[in-house]
Amino acid sequence: MTQLPGLLDTEALRKDFPILDRVVHDGRKLVYLDNAATSQTPRQVLDVLSEYYEQHNANVHRGVHVLAEEATALYEGARDKVAEFINAPSRDEVIFTKNASESLNLVANMLGWADEPYRVDHETEIVITEMEHHSNIVPWQLLAQRTGAKLKWFGLTDDGRLDLSNIDEIITEKTKIVSFVLVSNILGTLNPVEAIVRRAQEVGALVCIDASQAAPHMPMDVQSLQADFVAFTGHKMCGPTGIGVLWGRQELLEDLPPFLGGGEMIETVSMHSSTYAPAPHKFEAGTPPISQAIGLGAAIDYLNSIGMDKILAHEHALTEYAVKRLGEVPDLRIIGPTTAEDRGAAISFTLGDIHPHDVGQVLDEQGIAVRVGHHCARPVCLRYGIPATTRASFYLYSTPAEIDALVDGLEHVRNFFG
Amino acid sequence: MKLDSMYQEVILDHYKNPHGRGLRDGDAEVHHVNPTCGDEITLRVKYDGTKIEDVSYEGQGCSISQASASVLNELLVGKELADAQKIQETFLELMQSKGKIEPDDAMEEVLEDAVAFAGVSKYPARVKCALLSWMAWKDATAQVLGGADAERKTA
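Along each chain, residues carry numbers from 1 onward, in the same order as the chain's sequence is written. Whichever chain is written first is A, and whichever ligand is written first is 1; the rest continue in order. With the structure being a predicted model, the display of local features is reserved for residues of pLDDT at least 70 and the display and counting of side-chain atom pairs for 80 or more, all residues being used for whole-chain, interface and lining totals.

**Student:** Explain the UniProt feature "domain: NIF system FeS cluster assembly NifU N-terminal" (unreviewed entry) in chain B here, please?
**Tutor:** UniProt positions are given in the numbering used here, feature names are shortened, and annotations may be inferred rather than shown by experiment. As recorded in UniProt, the sites labelled "domain: NIF system FeS cluster assembly NifU N-terminal" (unreviewed entry) are residues 6-129 of chain B. Helical segments are the DSSP runs of H or I of at least four residues, strand segments are the runs of E of at least two, and each set is numbered from the N terminus. Here residues 6-129 of chain B runs as 41% helix and 22% strand, with 12 Å between its end C-alpha atoms.

**Student:** When you look at the sheet that holds strand S7 (residues 175-181) of chain A in this model, what are you seeing that I'm missing?
**Tutor:** Remark on secondary structure: sheet strands pair via backbone hydrogen bonds, oriented parallel or antiparallel. Residue and element names in this part refer to chain A. Pairing between strands is defined by DSSP: at least two bridges between them are needed. As summarised here, the arrangement of the seven strands in space is S4-S10-S9-S8-S7-S5-S6, forming an open sheet in which the pairing is mixed. Since the sheet does not close on itself, it has two edges, and those belong to strand S4 (94-97) and strand S6 (150-154), each with one partner. Going from strand to strand, the sheet's axes swing by 20° on average, the running direction of each strand aside. Note: strand S8 (residues 206-210) against strand S9 (residues 229-233), three bridges, orientation parallel. Within the sheet, the bridge partner assigned to Cys-208 lies in S9 and is Phe-229. The contact criterion used here is simple: two residues whose C-beta atoms, placed from the backbone, lie within 7 Å are in contact. All axes here are fitted lines through C-alpha atoms, helices being fitted over the stretch that makes contact, and every angle between N-to-C directions spans 0 to 180 degrees. Together, S7 and S8 form the strand contacts of helix H7 (residues 193-203), whose direction differs from that of S7 by roughly 170°.

**Student:** I'm lost on the UniProt feature "domain: Aminotransferase class V" (unreviewed entry) in chain A in this one. Help?
**Tutor:** Under the local residue numbering, the UniProt record ascribes the feature "domain: Aminotransferase class V" (unreviewed entry) to residues 31-406 of chain A. Within residues 31-406 of chain A, the helical portion is 38% and the strand portion 17%, while the C-alpha atoms at the span's ends are 8 Å from each other.

**Student:** Explain unusual backbone geometry to me, please; I cannot follow it from the model alone.
**Tutor:** Residues and elements named next belong to chain A. Backbone torsion omega between Glu-116 and Pro-117 reads 5°, so that peptide bond is classified as cis. Relative to the helices and strands, Pro-117 resides in the loop between helix H4 (100-113) and strand S5 (125-129). Between Ala-279 and Pro-280 the backbone carries a cis peptide bond, its omega angle lying at 5°. Positive phi is not limited to glycine here, since His-25 has a value of about 45°. Within the element layout of this structure, His-25 appears in the loop between strand S1 (23-24) and strand S2 (28-29). To sort residues by burial, count the other C-beta atoms lying within 10 Å of each one's C-beta; a count of 20 or more means buried, 12 or fewer means exposed, and anything in between means partly exposed. C-beta atoms are built from the backbone. The partly exposed category is assigned to His-25, around which 13 C-beta atoms lie within 10 Å. Positive phi is not limited to glycine here, since Asp-26 has a value of about 55°.

**Student:** Hey, could you run me through the domain arrangement of chain A in this one?
**Tutor:** Interface size is often expressed as the accessible area that is lost when the parts come together. Residue and element names in this part refer to chain A. An automatic or database domain assignment provides the domain bounds reported here. Partitioning chain A into domains gives domain 1 (10-32 + 307-417) and domain 2 (46-304). A C-alpha centroid distance of 28 Å is found between domain 1 and domain 2. The interface of domain 1 with domain 2 comprises 23 residues on the first partner and 22 residues on the second. If you list the elements that add at least two residues to the side of domain 1 that touches domain 2, you get helix H11 (308-327), strand S14 (346-351), helix H13 (378-383) and strand S17 (389-393). The residue inventory of the side of domain 1 that touches domain 2, partitioned by class, reads twelve nonpolar, five polar and six charged. Each residue is assigned to one of three groups, with Ala, Val, Leu, Ile, Met, Phe, Trp, Tyr, Cys and Pro labelled nonpolar, Asp, Glu, Lys and Arg labelled charged, and all others, Gly among them, labelled polar.

**Student:** Hey, could you run me through helix H10 (residues 290-306) of chain A in this one?
**Tutor:** In an α-helix there are 3.6 residues to a turn, and that puts residues three or four apart on one side. The end-to-end C-alpha distance of H10(A), which contains 17 residues, comes to 25 Å, matching closely the 24 Å that a straight helix rising 1.5 Å per residue would cover. The element H10(A) is extensively covered by neighbouring structure, given that 13 of its 17 residues are classed as buried. Each residue after the first adds 1.5 Å to the expected span of a helix.

Here you go:
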């Protein structure tokens, strides 16, 4: 078996993930390489979820009974865990949403309805990049259409990185918000936060970072990122679906208006008007995803028990090995950085003229789960003149043997369509 | 192997040597996409009265969607509209069967090469690939005939 420096003890870790023992298609061992789409859930998180429903289930912030108090303590405890995980200065800066898309839409809507100096209107500009997931494109397109603001973006270099050569023309005095992805879900690129943040701060623009593909894989520190908002989702980091996070700087959350109205987010309500609860509750209308938030808290405990720096090292070693092995496959073209430097553990590629759908289907028959398509980042496919890609993405339980299986599987694909 | 039930030799042949590919003169043109995977097709139909004179197309996509467009061209060009509609409906029925229809002789007579797609119907994610060009054809035909049931998308 291939031994690489920096690898985690996956043999032990994989025991935490019952699903990884599954066999598919007549006895094929599952090789799960679709972690950028969603990660698998360890038993530790599953146990917390069942225990919550078996012992503590109640609505939060409402009842005076025992279960309500326990559920509230668990839910708010999860907020503490998230705050610590991302080194937030205050737990009140952590807003629970249903996913990263909702987090990003929330920021766009806060700014659309805000007063000066935050208000996005027809005299202002919004900046994104060409490598964004649709969830960090469409909310801004909607905001631009509704307010008349101008939407601008950074283009990409041929090797899959942001082209910042014209940064001073893209981010200008008119820019109100710069929203970009920390690690691209399709290219794997890790973006240079500092250069962008510095320019945004120069012109007084806010910065929003989509950390959906970063928070699960590396230590996160919202203070060192120096962003104003950071969005990510629970299900890509061993948590359940239905829970996302928006972190925002406290003074912004105090100043900016709520988006969704309803229970939980108010202070007082009369038939004429209402006043709002302080953040984060101001942005959490209605019954929140309680068990999901608690599940995310358990996922964070799990990740911390391994260590985010160790997970990063593990995935870096795997990525290094994967780009090397994939480079040996004839006709394979990596879309994105071709080395493991400044990149995450999601690797997109094309295989000659064979359509990714067909690649994915033949891999699936061998038990290998990858993602095929445009990965909700169609502009990237357009930029590189390809209809779609096949993407393999790794996580803390992925192994070199699984990368070998992928490479063998691709050989089989080539023979099949050869 | 199960995969062979999807990738029948007939399908791979059509994929590698497509019939009637390329855009030619037409009475109507439609562009359909499969948003989940990015398959695209631009398709034109040309009618001589109620007879299909040509179905031309250009697109990008997986072997299933491309082969299906080729089979469509082979089957429908030269047919009377009513016959073509029957073929389209039969193909749709087969593709929506979730692998439960074993094509009999009667079906095979109607569908000819298109029966090879029976195996695809077992793969829900790929049924849309197989139907992409057929839905585009139906839409284009409805536009030519000014039909009210024009479907803009295959989604």
